[in-house]
Amino acid sequence: MTQTAHSSPLPGKQMLSEQVYAHLRDAIMRGDHPPSAPLKPQVLAKEQGVSLAVVREALVRMVGEGLADRLPNRGFAVPSFSDRRWQEIAEARRTVEPVVLRMSIERGDVDWEARVRAAHHRLVRTPPYAPEEGEYYTAAWAEAHRAFHRTLLEGCGNRALLETFDRMWTESELARRWSAHRNPDRDGVEEHRRLEESVLARDADTAAAVLVQHLTLTAAALTDDSGKATRPRAFMKRAVQQVIKQAESAPDQRE
C-alpha cells in the first residue's frame, strides 16, 4: 500500500510533462517562438500553470529532439538559423538518401509504385497552410510530406536505412519549416512532381539528382542570417547548377 501511495503521483507528473512538451513543440513549429528566442522555464511554468520541474523535463526532451538548445548558465533557447547542425544533417541526407533511393528504384515492386503514387497524391491534395496554424505549414501537410519522402525510400527493403531516414527527418523538421518560410517562392510542388515522375520511370540517375537538388535548396535557405524571408535567386540558381553538375559527373553507382 505504501509503494502505491508513493508511486501514484508519477503518472500525473508525466502527463503534465507530456502536455507541456506538446504545447511547446507546437508553439515552436508554428513560429510563436522565433529562432534564438529564449525559453525561460519560470515564464513557461507560469503560463502553463505547472511546476518548474515539469517544464524543465519537457525542455530537456526538446533538447534531445533538436527543438531547443541548452545554454551554459543561460537556460534554454530555440536553435538559431546559423546552427551548424542544419547543414550537417543536410549533408548527411544528401549522402545517404540518394543511395537509398537508387536501391528503392532497383528493388521496389508494383505495390511500392502504387504507394509512391498514392503518397504523392495525398501530398498534392493536402493544403500546406492554414491561418489557425500560424506562419508555417500545417501539421497535416508536414505528415503528408514525410510520408511521401519515406515511401520513395521504402522500396529498398532495408529497415536500418529507413530508421536512419526517420531519425534525420525528425531532427530536421524545424529547419524545413524555417526554410519554407524564408523562401516562399520556391516551387516545392514541381520538385515533388519531378521526384515522383523520375522514380516511377525507374530513372535512378535523374531521381537521385532531383533529390539532391531538393535537399540542397532546403539547406541553402538557412545559410543567410539576415532574417529575410526570401533568398537571392542568383544564389539559388548557382546552388542548383552546382548540384546538377556534381550529379552528372559522379560515377554510375549501379556499376
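Everything here concerns the structure above.
Read on for an overview of the structure. On a predicted model such as this, the values are computed, not experimentally measured, just so you know. (Residues numbered from 1 in each chain as written. Predicted model: local features only at pLDDT ≥ 70, side-chain atom pairs only at ≥ 80, totals over all residues. Heavy atoms only, no water.)

Another point: the overall build of the protein chain. The number of helices and strands found in the protein chain is 12 helices and three strands. Within the span of the protein chain, comprising 255 residues, buried residues form 43% of the whole. Look at the contacts in the protein chain between residues 6 or more apart in sequence, and 70% of them connect residues 24 or more apart. (Helix = DSSP H or I, 4+ residues; strand = E, 2+ residues; numbered from the N terminus. Buried < 20%, exposed > 50% of the residue type's maximum accessible area, 1.4 Å probe, protein only. Contact = heavy atoms within 4.5 Å.)

Right, let's get into the packing of aromatic side chains. Evaluation of the coordinates by the stated rule reveals four aromatic pairs. On the basis of an interplanar angle of 85° and a centroid distance of 5.7 Å, the ring pair of tryptophan 86 and tryptophan 178 is categorised as edge-to-face. A residue pair is termed long-range when its members are at least 10 positions apart, and tryptophan 86 in helix α5 (residues 84-107) and tryptophan 178 in helix α9 (residues 173-182) qualify at 92 residues. Assessed through its relative accessible area of 1%, tryptophan 178 is described here as buried. Note on phenylalanine 165 and tryptophan 169: the rings are 5.5 Å apart at their centroids and 40° apart in plane angle, and the pair reads as tilted. Here the residue phenylalanine 165 and the residue tryptophan 169 both occupy positions in helix α8 (residues 159-171), the gap between them amounting to four residues, near one helical turn. You'll find phenylalanine 165 and tryptophan 169 in the same group, each marked buried. What links up through ring pairs into an aromatic cluster is the set Phe81, Trp86 and Trp178. The ring of tryptophan 86 has arginine 85 lying over it, and the distance from NZ or CZ to the ring centre is 5.2 Å. The ring of phenylalanine 81 carries the charged tip of arginine 182 above its face, separated from the ring centre by 3.8 Å. (Phe/Tyr/Trp six-rings, centres within 6.5 Å; stacked < 30°, edge-to-face > 60°. Lys NZ or Arg CZ within 6 Å of the ring centre and 35° of its normal.)

Moving on to unusual backbone geometry. Even without glycine at this site, serine 36 takes up a positive phi of about 75°. For serine 36, the location among the structural elements is in the loop between α2 (9-30) and β1 (38-39). The class for serine 36 is partly exposed, based on a relative accessible area of 43%. Even without a glycine there, the phi angle at arginine 202 is positive, about 60°. Mapped onto the elements, arginine 202 comes out in the loop between α10 (188-200) and α11 (204-220).

It is worth spelling out the sheet that holds β1 at this point. Strand order in this open sheet of three strands is β1-β3-β2, and the pairing throughout is antiparallel. Because the sheet does not close on itself, it has two edges, and the strands there are β1 and β2 (69-71). Sheet analysis places β2 next to strand β3 (residues 75-77), joined by three bridges and oriented antiparallel. Looking across to β3, one finds that aspartate 69 is bridged to alanine 77. Of the strands in this sheet, β1, β2 and β3 touch helix α4 (residues 52-64), which is tilted by about 50° from β3. (Pairing = 2+ DSSP bridges. Axes fitted to C-alpha atoms, helices over the stretch in contact; angles between N-to-C directions.)

Here we come to empty space enclosed by the protein. Inspection of every chain in the model, using the stated rule, returns one cavity of 30 Å³ or more. Quantified by volume, the largest cavity comes out at close to 30 Å³. Contributing to the lining of the largest cavity are Val96, Glu97, Val100, Leu153, Leu161, Leu162, Phe165 and Met168. Of all the secondary structure elements, the ones that give two or more residues to the lining of the largest cavity are α5 and α8. (1 Å grid on protein atoms, 1.4 Å probe; cavity = no way out; pocket = protein on both sides within 12 Å on 5 of 7 lines; lining within 4 Å. Points joined across faces, edges and corners; volume = space filled by probe spheres on them.)

A separate point is the nonpolar core. Membership of the largest hydrophobic core comes to 28 residues, with the highest contact counts inside it found for Leu39, Leu59, Met62 and Trp178. Mapped onto this core, the elements with two or more residues apiece are α2, α3 (41-48), α4, α5 and α9. In terms of nonpolar packing, the next biggest core, distinct from the first, is built from 27 residues, Met103, Leu123, Tyr137 and Leu195 among them. (Core = buried A, V, L, I, M, F, W, Y, C linked by side-chain atoms within 4.5 Å.)

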